[in-house]
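What follows is each chain in one-letter form.
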Amino acid sequence: QAFASLTPTPRCFLASNFTPTKAQMSHIAQDWEPVVLRKNKPTGGAAGGAAAGPKGGTSKQTAAGVDIRKLEAEDDDAPMRLPTVSMDLRVAIAQARQAKGLSQKDLAAKLMIPAKTIQEYEAGKAIPNNALIAKIERNLGCKLPRNPK
């Protein structure tokens, strides 16, 4: 009985009130089959719209000869780009940090955030977070331009 409680019981034994013996469980083993994932091979036709080039890339034109980049630029349903840090905020953070004599790493350590976050704010790649901007203001002792809500 202790053996049955320690090992997983196969489904066939769970359906009934049957408790297998040690001899009956000895022949049961997990049957694992390897799963092989493969990329689909491209079809030979040009029905897909973009033809493969000599290095495996695709052209930037559809089968009708229209440039895909122009279609994407004109697409009204395309997702909007998220706002990034304004130039005023980037410059203000860098100037205030340098006036205090802090490096990006030192400021990040004071704020208890990764140094990469400060780098992204000063490079203009970060999505502005007003709570973090307020935290930076308190540590640097200056007013920074905020992102409109």
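Residues numbered from 1 in each chain as written. Predicted model: local features only at pLDDT ≥ 70, side-chain atom pairs only at ≥ 80, totals over all residues. Heavy atoms only, no water.

## Some details on the packing of helix H6 (residues 104-111) against helix H7 (residues 115-123)
Direction vectors running N to C along H6 and H7 enclose 120°, while the axes themselves pass 8 Å from each other. Between H6 and H7, the angle is such that the two are oblique. Once H6 is placed against H7, the crossing between them reads as right-handed. Counted together, Gln104, Lys105, Leu107, Ala108 and Leu111 of H6 and Ala115, Ile118, Gln119 and Glu122 of H7 form the full contact between these two elements. Residues that form the contact of H6 with H7 fall into these classes: five nonpolar, two polar and two charged. (Axes fitted to C-alpha atoms, helices over the stretch in contact; angles between N-to-C directions. Helix = DSSP H or I, 4+ residues; strand = E, 2+ residues; numbered from the N terminus. Parallel < 35°, antiparallel > 145°, perpendicular 65-115°, else oblique. Left-handed = near helix turned anticlockwise from the far one by under 90°. Contact = heavy atoms within 4.5 Å. Nonpolar A, V, L, I, M, F, W, Y, C, P; charged D, E, K, R; others polar.)

## Structural notes on the nonpolar core
Membership of the largest hydrophobic core comes to 18 residues, with the highest contact counts inside it found for Leu89, Ile118, Tyr121, Ile136 and Leu144. Those elements that place two or more of their residues in this core are helix H5 (87-99), H6, H7 and helix H8 (130-140). In this view, isoleucine 136 contacts Ile93, Leu111, Ile118 and Leu144; residues no more than four positions away in its chain are not counted. (Core = buried A, V, L, I, M, F, W, Y, C linked by side-chain atoms within 4.5 Å. Buried < 20%, exposed > 50% of the residue type's maximum accessible area, 1.4 Å probe, protein only.)

## A look at the confidence of the model for the protein
Regions with low pLDDT should not have their predicted coordinates read in detail. Chain-level pLDDT for the protein is 76 on average; 54% of the residues reach the 70-or-more range. Summarising per-element confidence for the protein, the mean pLDDT is lowest in helix H1 (residues 2-6) (51) and highest in H6 (96). (pLDDT = per-residue confidence, 0-100.)

## Remarks on H6
For an α-helix, 3.6 residues make a turn, and residues three or four places apart therefore share a direction. Inspection of H6 places Leu107, Ala108 and Leu111 among the buried residues, and these make up the whole buried set. Projected down its long axis, H6 shows its buried positions confined to an angular sector of 100°, all on one face. Pointing more than 90 degrees away from the buried face of H6 are the exposed residues Lys105 and Ala109. In the stretch just after H6, methionine 112 is the one whose phi turns positive, near 60°. (Arc of directions from axis to C-beta.)

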